[in-house]
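Listed below are the residues making up each chain.
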Amino acid sequence: MNLLLIEDDAIETMKFQRVLKKIASPHKLMEAKNGEEALELLTSGNQLPDIILLDLNMPRMNGIEFLTKLKQHDQIKYLPTIILTTSENRHDLLECYKVGVAGYVIKPLKFEDYETKIKSVLEYWSNNELVKA
């Protein structure tokens, strides 16, 4: 699978990369530091990701704003988007599902727990039939 990680925190990005390396993931990773950069990448005509992993709390365009714009775009609105966040705020959770998120994963503090969650998410989506945009 082609993955798009939208994350503004360099440490969180390195942590995600570390998990992919540790589990010997065959997945290709693309990265964007915020929603604006991600939309440019997605609408550039280059290869699209199979799934998007999205942080909520980002500068310039937060995750919910990104989701809203994504779902308005005919070509890319069907890309499964999984929230990967520290926010346990019920309002954030509800807003994401209202807009059409495919999943909501809270980042645990312990690396081992984080690794387990990411591995589970990738295994789940690897077994799904994905829309190739």
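In what follows, the structure referred to is the one given above.
Computed from a prediction, not measured in an experiment: that's the story for all the values here. (Residues numbered from 1 in each chain as written. Predicted model: local features only at pLDDT ≥ 70, side-chain atom pairs only at ≥ 80, totals over all residues. Heavy atoms only, no water.)

Student: I would appreciate a short explanation of the overall build of the protein chain in the present structure.
Tutor: Secondary structure summary: the protein chain contains five helices and five strands in total. Here the C-alpha atoms of the protein chain give a radius of gyration of 14 Å, agreeing with the 14 Å that 2.2 N^0.38 yields for 133 residues. Along the first, second and third principal axes, the C-alpha atoms of the protein chain reach 35 × 30 × 25 Å. Within the protein chain, residue pairs in contact and separated by at least 24 positions form 66% of the contacts whose partners lie at least 6 positions apart. Working note: accessible area of the protein chain is about 7400 Å², and carbon and sulfur atoms make up 50% of it. (Helix = DSSP H or I, 4+ residues; strand = E, 2+ residues; numbered from the N terminus. Rg over C-alpha atoms; globule rule 2.2 N^0.38 Å. Contact = heavy atoms within 4.5 Å. Areas by Shrake-Rupley, 256 points an atom, 1.4 Å probe, with all protein chains shown as cover.)

Student: What should I look at first to understand the packing of helix H2 (residues 35–42) against helix H3 (residues 63–71) in this one?
Tutor: For any two helices packed against each other, one specifies the inter-axial angle together with the distance between the axes. Axis separation between H2 and H3 bottoms out at 9 Å; the angle between their running directions is 25 degrees. Judged on the interaxial angle alone, H3 and H2 are roughly parallel. The element H2 and its partner H3 pack so that their crossing is right-handed. Together, Gly35, Ala38, Leu39 and Leu42 of H2 and Phe66, Lys69 and Leu70 of H3 make up the contact between the two elements. (Axes fitted to C-alpha atoms, helices over the stretch in contact; angles between N-to-C directions. Parallel < 35°, antiparallel > 145°, perpendicular 65-115°, else oblique. Left-handed = near helix turned anticlockwise from the far one by under 90°.)

Student: Would you explain the pairing of strand S5 (residues 103–106) in this entry?
Tutor: Within a regular strand, the side chains alternate between the two sheet faces. Relative to S5, strand S4 (residues 81–85) runs parallel, the two being bridged by four bridges. The residue of S5 that forms the bridge with threonine 85 is isoleucine 106. What joins S4 to S5 is helix H4 (residues 90–99), and the crossover it makes is right-handed. (Pairing = 2+ DSSP bridges. Right-handed = clockwise from strand over helix to strand, strands pointing away.)

Student: Can you help me understand the side chain of threonine 13 in this one?
Tutor: Within the fold, threonine 13 resides in helix H1 (residues 10–22). Those residues in contact with threonine 13, other than ones at most four positions away along the chain, are Leu5, Glu7 and Glu31.

Student: Looking at this structure, how should I read the sheet that holds S5?
Tutor: Ordered in space as S2-S1-S3-S4-S5, the five strands form an open sheet in which the pairing is parallel. With partners counted over all chains shown, the strands left at the sheet margins are strand S2 (28–32) and S5, one partner each. On average, each strand axis in the sheet is inclined to that of its neighbour by 20 degrees, with strand direction left out of account. Both strand S3 (residues 51–54) and S4 contribute to a ladder of three bridges, which runs parallel. When the bridges of S4 are listed, isoleucine 52 appears paired with threonine 81. Its contacts with the sheet put H4 on S4 and S5, and the angle it makes with S5 is roughly 155 degrees.

Student: How should the nonpolar core be read in this particular structure?
Tutor: A general tendency of soluble globular proteins is for nonpolar side chains to be buried together. Ile6, Leu42, Ile52 and Phe66 are the most contacted members of the largest nonpolar core, which totals 23 residues. Going through the elements one at a time, strand S1 (2–6), S2, H2, S3 and H3 are the ones with two or more residues in this core. In this view, leucine 42 contacts Leu4, Leu48, Pro49, Ile52, Phe66, Leu70, Ile76 and Leu79; residues no more than four positions away in its chain are not counted. Judged by nonpolar contacts, the second largest core, of 17 residues, contains Ile82, Leu84, Ile118 and Trp125. (Core = buried A, V, L, I, M, F, W, Y, C linked by side-chain atoms within 4.5 Å. Buried < 20%, exposed > 50% of the residue type's maximum accessible area, 1.4 Å probe, protein only.)

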